[in-house]
Every structure is written in C-alpha cells, then in structure tokens.
Amino acid sequence: MDDLKFGTRNKRGDWAPTAVLEFAPFWYWPLNLTKLAKWLVGYVWPWNAFHMATALLYWNYVLPSQETMKTLSWGWALWLYAVNAAAIFVMYGSIELFYYVKRKQGTRFKYNGKFPSEQPSDVFWFKSQNLDNFLRSFFLSIPLWTLIEVFMLWRFANGLSLQLTWAEHPYYLALLTLIAPVIHEVHFFCIHRLIHTPFLYKWVHSVHHNSVNPSPWSSLSMHPVEGFAYHAVALWHLVIPSNPIVALFQLHVAGFGALNGHIGFDKLELTEDNTLDSHAYAHYLHHKYFEVNYGGDGVVPLDKWFGYWHDGSKEGEARMEARYARKVARANAKQNS
Ligand SMILES: [Zn+2]
Ligand SMILES: [Zn+2]
C-alpha cells in the first residue's frame, strides 16, 4: 500500500500522517454522528475486543478454581506468570518478528525511518535496545503485573472486595467494562505525569524513555516502580464495586494494551488492501518529544486541558516550542534572581 497517500516522508526517512490527531468526537461541538459511530467501532474493535476476549479466556481456562485462589501460593502464581509471559511473547513477539525482523512492510507507515537494531547504544543493557527491553519486560514488568493479578484475585476469592454479580448488576458492570479504557487513560496520565517530575524521571522513568525509537518490546520496558504503578490500575477494582472479569479486563488493557503506543507503525498491513490502525502516533510523539501527550490517544483530552497536547500538526509543534521556550525563560529568570 502507498503510505504517501496517507502521509509524508522527510529526508531522514521518517513518515508522518497527514491527518492530525483528534480527541473522541463527543468532545467537539456540534456533535458529528457519523464520526461518533466510526469512533465507537474503533474504540471497541479490534483492540479492546481483544483484551475482553483474553480476559474471558483467562477466566474460563487459565485461572485456577476459586478454592485454590483463596490461598496465596507459588504454584498458581507461577502458572499465571507463565501464561502472561507466553501470551506477551506470542503477541508482541509476532509483531516484532514480522514487522521488525522480517520487515514485511519495510518502512511503509513507519514513523521513524530506522529500526532499533540499527542503532546500538550504551544506555541499554548489552548495548541492545531489543535485549534490554525484552529482559526488563519478562523479568521485571510481567512479574509485577502477575503480582498485582494474584493479589487482586486472592482478594476477590476471599470476598474481601465488593464483588457484584453479572446476574444482579448487568448494566452497571457493562458500563464499567465500557469505561475501563477511560479509567486506564486517566490512571496512566496521572502516574505518567508524576514520573516526569525531575527526580522520578531521573531514577525511574528515564529507563522507559531510553527507547526514543520504540518497538513492541519497548512497551513494558520499565523501571520496577513504573511497572508496578502502571499495572496497579487494576487495583481500582478492589476499591470500587466491581467484578473479577472486569478487573481482569482492566489489567489486560494495561498489560497487553501497552503495545499500542509502541508499535512504531501507523498502520500494519495485513493483506494487500487491509490494514490495522495501531493508535500509536500520540505516544510515539511522546517518545520523540518527551514532554507532550502524557495520556492515551484522546478518549479523555487531559493533555489538552493541561496544555501538553501535540496533535502532530505544525500548530501542535509551535505550541510545544513556545511552551519549552517559556520553561527555559523561567529557569533562566530563577537562576538570575
Ligand atoms: Zn512509551
Ligand atoms: Zn514518558
């Protein structure tokens, strides 16, 4: 597919979409119903539907019995770790394999014209972004994801949280499921903005930002403090009335959904004329410019409200430059006073 019909490529070989990023249509007036319908489909399909499907698969085939989960033990914790790690290996690994190793679509729709393996750097373990990202994901972030999962399931199994049943509260639980990605975006925005404060950035979040040109393995490549805080979004379901399936869905939106921002391609070509939207651009711009787009891709316009939004346009760029200039001026004024 010709990616230049959808965007432009600069001299360095970096591709950028022509269409600017937009928030969910219900934030614009007058409401455009066609856009809203299209957006709703994209909100559910395919990514959130996939996270729901994996949550149901876990519930029916992976989780041990309620009886077993009443007692904390290494047996079922390690089993859940193994399944989580295997699922991430297959999901993230297949995109790495086809689009980064075999490079089946070359650099078509690729934001950064280079591949991470072409740029060895001292900031990474073993000087390799791939190896560093992979090891951090499997030996730090996925164990922390599993720790949260085990704690959450153990609480539910022992009736220590306010657990509602689908039979008695179908509408509330359906609504909670529908807004789980919104909860994710708000939680992520808050912890993410927090770890961009100077001290936490230096000691915690810089690990994730070493990957300026992210690939799927970068998604969960985090310092353990971030790895815990990021997946802890599921713990909100121990505080509000909820249900373990919704909580599991919330956890999968975080764990499996971290992929989206780090795919590196705007569209993945599946067949000659079929593509899959990655929803990666907003977070790609975050990796490129650091202090823009702390949230997701615009279900809730938190970045706009706080002045951090970069929609990929020239105006977005100018707003960012002006903000950086003000920041430098403030720092200089402080130094001179
Ligand atoms: Zn990232
Ligand atoms: Zn960041």
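Note that the structure is predicted; figures quoted are calculated from it, not measured. (Residues numbered from 1 in each chain as written. Chains lettered and ligands numbered in written order. Predicted model: local features only at pLDDT ≥ 70, side-chain atom pairs only at ≥ 80, totals over all residues.)

### Quick look at the overall build of the protein
In step 1: The secondary structure content of the protein amounts to 13 helices and 4 strands.
In step 2: For the protein, the spread of C-alpha atoms along the principal axes amounts to about 60 × 60 × 55 Å.
In step 3: Scored against the burial criterion, the 337 residues of the protein give a buried share of 37%.
In step 4: Partitioning the contacts of the protein with sequence separation of at least 6, the portion at a separation of at least 24 is 64%. (Helix = DSSP H or I, 4+ residues; strand = E, 2+ residues; numbered from the N terminus. Buried ≥ 20, exposed ≤ 12 C-beta atoms within 10 Å, placed from the backbone. Contact = placed C-beta atoms within 7 Å.)

### Here we look at the domain arrangement of the protein
In step 1: The assigned domain composition of the protein is domain 1 (3-7 + 22-306) and domain 2 (308-337).
In step 2: For domain 1 versus domain 2, the separation of C-alpha centres amounts to 29 Å.
In step 3: On the domain 2 side, the residues contacting the 10 residues of domain 1 number 5 residues.
In step 4: Those elements that place two or more of their residues in the side of domain 1 that touches domain 2 are α11 (281-289) and α12 (302-306). (Domains from an automatic or database assignment.)

### So, unusual backbone geometry
In step 1: For the peptide bond that leads from W29 to P30, omega is -5°, which places it in the cis range.
In step 2: Positionally, P30 belongs in the loop between β2 (15-17) and α1 (33-44).
In step 3: A cis geometry characterises the amide bond from W45 onward to P46, with omega recorded as -5°.
In step 4: Checked against the element boundaries, P46 lands in the loop between α1 and α2 (47-62).
In step 5: One non-glycine residue, F126, adopts positive backbone phi at about 55°.
In step 6: Along the chain, the position of F126 falls in the loop between α4 (74-101) and α5 (129-157).
In step 7: Even without glycine at this site, K127 takes up a positive phi of about 60°.

### Quick notes on the environment of F151
In step 1: Along the chain, F151 falls in helix α5.
In step 2: Sequence separation of F151 and L235 is 84 residues, and the distance between their C-alpha atoms is 9.0 Å.

### Description of helix α13 (residues 314-336)
In step 1: With 23 residues, α13 extends 33 Å between its outermost C-alpha atoms, agreeing within 8% with the 33 Å of an ideal straight helix rising 1.5 Å per residue.
In step 2: The buried fraction of α13 amounts to 0 of the 23 residues, a small share that puts the element mostly on the outside. (Expected span 1.5 Å × (residues − 1).)

### Focus: helix α7 (residues 198-209)
In step 1: For α7, spanning 12 residues, the distance from its first C-alpha to its last is only 13 Å, which falls clearly below the expected 16 Å at 1.5 Å a residue.
In step 2: Looking at α7, one finds that the buried residues are V204, H205, V207 and H208. Down the axis of α7, the smallest arc covering the buried residues is 130°, so these residues share one side. Structural note: α7 exposes P198 and K202 on the side pointing more than 90 degrees away from its buried face.
In step 3: Each element contacted by the buried residues of α7 is listed here: α8 (224-231). (Arc of directions from axis to C-beta.)

### A closer look at the packing of α4 against α5
How two helices pack is summed up by the angle between their axes together with the distance between the axes.
In step 1: Two numbers describe how α4 lies on α5: the axes approach to 9 Å, and their chain directions differ by 130°. When the axes of α4 and α5 are compared, the pair comes out oblique. Like other packed secondary-structure pairs, α4 and α5 cross with a definite hand, here right-handed. Taken together, the residues of α5 that come into contact with α4 (itself represented by A77, L80, Y81, N84, A85 and I88) are S137, F138, I142, P143, W145, T146, E149 and V150.
In step 2: The class makeup of the residues in the contact of α4 with α5 is 10 nonpolar, 3 polar and 1 charged. (Axes fitted to C-alpha atoms, helices over the stretch in contact; angles between N-to-C directions. Parallel < 35°, antiparallel > 145°, perpendicular 65-115°, else oblique. Left-handed = near helix turned anticlockwise from the far one by under 90°. Nonpolar A, V, L, I, M, F, W, Y, C, P; charged D, E, K, R; others polar.)

### What to know about the nonpolar core
In step 1: Counting residues in each nonpolar core, the largest one holds 59 residues, and the members touching the most others are A234 and A254.
In step 2: In this structure, A234 is in contact with I148, M152, A247, Q250, L251 and A254, ignoring residues within four places of it in sequence. (Core = buried A, V, L, I, M, F, W, Y, C linked by C-beta atoms within 7 Å.)

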